[in-house]
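Here is what each chain is made of, one letter per residue.
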Amino acid sequence: MMGNSRWTGVMVVILCSVVQADVSFKDCGEDQDLYGEVVRGRTRNFTCTSIRSNQNVTWKLDDFELGTCPPIKLSGTCDTSTSVFGTDKFLPRRTTQSKSVMTILDTELRSLRNGTLHCTSLSSTTCNIDVIEPADGRCQADLLTSAWPWSVHVHCNITGGNSTRHRYGCRLFHKAETTELTEPTEPTELTELTEWQVMKQNTLPTGSAVCNFTTPLNTTVDGHHHYTVKLKPGRSWKNVKFSNDENQISRPSMPSIDKCSYPDLVPEMGNLTCRCIADRVGLPKGWLVWSKRVNGQFNTNSPLRSGKRGETTLEMTTTLTRQDDKIQFRCDVIWAHNITGDIKSFTVGYPASGVDFTVSEGRSVAENREAVFTCSATGGRPSPNITLRREGGMFFGKVKVEGPSPLEHRHAVRCEDSGRYTCVASNGMGPDVEHTDVLNVTCAPRDLSGDIPTVNIEDKEKRFTFDVIANPPPYHVSFFFLGSNPSNPGSSVRAISLTGQCGRKDGAMYTATCTVVMDNVTSAAAEGLYRGSVQNQGGILNFTFEVKVNATLPEPPPAGPSVAVIVGVAVGAVVAIAIAIVIFIVYRCRKKGSKTTKPPGGRGSSTATTPAHVYGNINMQERSRGPQDASSPGPQVEGQARPIEGELSPEGLLYVSVDFSDQPPRNRQPLCPQDDAVLYSDVNYKATDG
């Protein structure tokens, strides 16, 4: 233990082992590590306290006395005569009545190696001396953020340390503040993170050792976070340097969802795009992620989209199906513990699967009656809107009619309202769904396309056309010769051949074009006024036109008995016979009618006193009932349709004259409203006053 050999850079640790509680060492180790470190070339003081004022203090190194110090009131000087080391090496003092200090002036003595310093009074306390060379080194920290919780990994390379008692170790401390530590001195207000960690190997003055620490990252306080390592031997402090200066802690802001391609309603199979924005993603840098709710949970471990560290904007695009209805998406910041962000819900929309469209019942309506349009959509979200429109025209004065499904529209119709109507179901979630149906408005002929001009015949044939509104197109055209007086009842046409035919105009449902063909002009007697009639099942439209003959015609035959006169006489005889038959049948009708009770004021009522003039047409191509058996058909009546005129008597009888001059006598029959004489024929007539 004793000797004069010199120490090279030795650092001593002295452990204070308290034998009795009333005497103790001050500055001997720390935290139950009762070793006093003595470093070569440095003065080292050891203090013995809790000494009674009337007691002597004796200092020893192992079993060798170093000196005795009496109480101050007796003597202020310590007796070192018994010291074998001399006062230039060990200097004891009595500083107060309760305290004595031992100063080691030279640490190069080999006798200090692993020696034990004693302070004795009535009791004794000791401090183990460790001759040391202080350890040195460099420490660096890295953040581990690949898993939660985030942590700090500290790695220290230790060099140059030596201990005669083989005491090597590291301890990690933490401090949060706004300024960095600049001096490697022992900082204050440190939080001890670890116990002494034994180095991986004992070191020699020329050797090295390694210390590693891993501790959770403290993210509860914003600001700079410092980590410091305390080394032994030497109890020196080493600041930990962070790579990329990541010792700054800053919590991120809450992210929000912004600028979605659809606000809340997304079409089925539509691409939904949304953007997530955060003002800051924190320090150390966090990152944004998108997730969706599945089985009631948002799983950020399997996100829809994950951004890069430090990015404050992240876009997400996904395609939604009908099964994704009411889906929720969330945007979070992944940082230390996750920062929950904004949540947004979306509804999936889809178009209607079809429409039900009806146009009245049977799609045929008489003019001035009410047509009913009913349209409803099948399926669809949101509920589709219905649009009714007409192809190629206005929808009763409007471009279209709109409303929610189901939609019903009623309107009194005219013939011009015939056409194709379309029902369209639309909700903006896909292609519109539509269905088209036809409205057929029946009406009598009306509205000539204009006044028919005078027809000048310069040779033997002439034709002209005119338009009428009629549905269906007129199927019967007839003509009467009026001469020069338009109020004449008219007669058959002889001096000219007139034929007419009507058909659809350009495929329209309510417009017809009628063509009149005039030929076989035999004489200038064809000149004059003519009344024409076009007829469909709704009624008759009469029109008047004038014919002028400008062509050179043969001279009429000389006067005297001629074939025409002979034919006229024959025709007169036939007419006389026909009139006789009419009178007979009328007599039968009146006789039978007198046996039948007529409703007051009705057809055939005796209260009717003013006769009505009737003119019209009769289609003689139908069968008539037999005079005896009303259920059996009579003979087939042949020939073309004939104009008729007559008077409707107060008794309800219809007296008419029919031109049968070109028919056999068997077809000359009067018309009578009684069952035994009524012809089953297509009769249209119009009654006028007088």
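Bear in mind the structure is a predicted one, so any value in this text is a computation, not a measurement.

(A) Inspection of the overall build of the chain at higher detail. A tally of helices and strands in the chain yields one helix and 49 strands. Sorting the 690 residues of the chain into buried and exposed places 44% on the buried side. For the chain, restricting intrachain contacts to residue pairs at least 6 apart in sequence, the fraction spanning at least 24 positions comes to 66%. Carbon and sulfur atoms make up 49% of the accessible area of the chain, which amounts to about 35,700 Å² in all.

(B) Spatial organisation of the pattern of salt bridges. Counted under the stated rule, the structure contains 17 salt bridges. Linking R275 and D258 is a salt bridge whose minimum nitrogen-to-oxygen distance equals 3.3 Å. Taken together, the residues span a long stretch of sequence, with R275 in strand 22 (residues 271–277) and D258 in strand 20 (residues 256–258) at a distance of 17 residues. What makes R275 partly exposed here is its relative accessible area of 23%.

(C) Geometry of the sheet that holds strand 8 (residues 99–104). Taken in spatial order, the four strands make up an open sheet running 2-4-8-7, and their pairing is antiparallel. In this open sheet, the two edge strands, each paired with only one partner strand, are strand 2 (24–26) and strand 7 (90–96). On average, adjacent strands in this sheet sit at an angle of 25 degrees to one another, irrespective of strand direction. Note: strand 7 against strand 8, six bridges, orientation antiparallel. Bridge pairing in strand 8 links R94 to S100.

(D) Molecular detail of the confidence of the model for the chain. On average, residues of the chain score 75 in pLDDT, and 70% of them reach the 70 mark or higher. In this model residues 619–642 is a low-confidence stretch, pLDDT under 50, and it forms 56 contacts with partners more than four residues away in sequence or in other chains. Ignoring residues within four places in sequence, the model shows residues 647–690, a span with pLDDT below 50, making 125 contacts including any to other chains.

(E) Fine view of the environment of L439. Summarising the element assignment, L439 is placed in strand 36 (residues 433–446). On the basis of relative accessible area, L439 is assigned to the buried category, the value being 0%. Through-space distance from the C-alpha of L439 to that of S418 is 5.3 Å; in sequence the pair is 21 residues apart.

(F) Examining the environment of A425 more closely. By secondary structure assignment, the location of A425 is in strand 35 (residues 419–426). Sequence separation between A425 and D356 is 69 residues; the distance between their C-alpha atoms is 9.8 Å. Other than its neighbours up to four places away in sequence, A425 contacts A352, V355, A377, P384, N385, I386, D432 and V433.

(G) Layout of the packing of aromatic side chains. In the structure shown here, the tally under the stated rule is 17 aromatic pairs. Geometrically, the ring pair formed by F464 and F545 is edge-to-face, given 5.3 Å between the ring centres and 65 degrees between the ring planes. Of this pair, F464 sits in strand 38 (residues 461–471) while F545 sits in strand 43 (residues 539–549); the two residues are 81 residues apart in sequence, bridging distant segments of the chain. Like F464, the residue F545 is buried in the burial classification. An aromatic cluster of at least three residues, connected via ring pairs, comprises F464, F466, F479, F481, Y530, F543 and F545. Sitting above the plane of the Y350 ring, R322 keeps its charged end 3.7 Å from the centroid.

Thresholds applied
- Residues numbered from 1 in each chain as written.
- Predicted model: local features only at pLDDT ≥ 70, side-chain atom pairs only at ≥ 80, totals over all residues.
- Heavy atoms only, no water.
- Helix = DSSP H or I, 4+ residues; strand = E, 2+ residues; numbered from the N terminus.
- Buried < 20%, exposed > 50% of the residue type's maximum accessible area, 1.4 Å probe, protein only.
- Contact = heavy atoms within 4.5 Å.
- Areas by Shrake-Rupley, 256 points an atom, 1.4 Å probe, with all protein chains shown as cover.
- Salt bridge = Lys/Arg side-chain N within 4 Å of Asp/Glu carboxyl O.
- Pairing = 2+ DSSP bridges.
- Axes fitted to C-alpha atoms, helices over the stretch in contact; angles between N-to-C directions.
- pLDDT = per-residue confidence, 0-100.
- Phe/Tyr/Trp six-rings, centres within 6.5 Å; stacked < 30°, edge-to-face > 60°.
- Lys NZ or Arg CZ within 6 Å of the ring centre and 35° of its normal.

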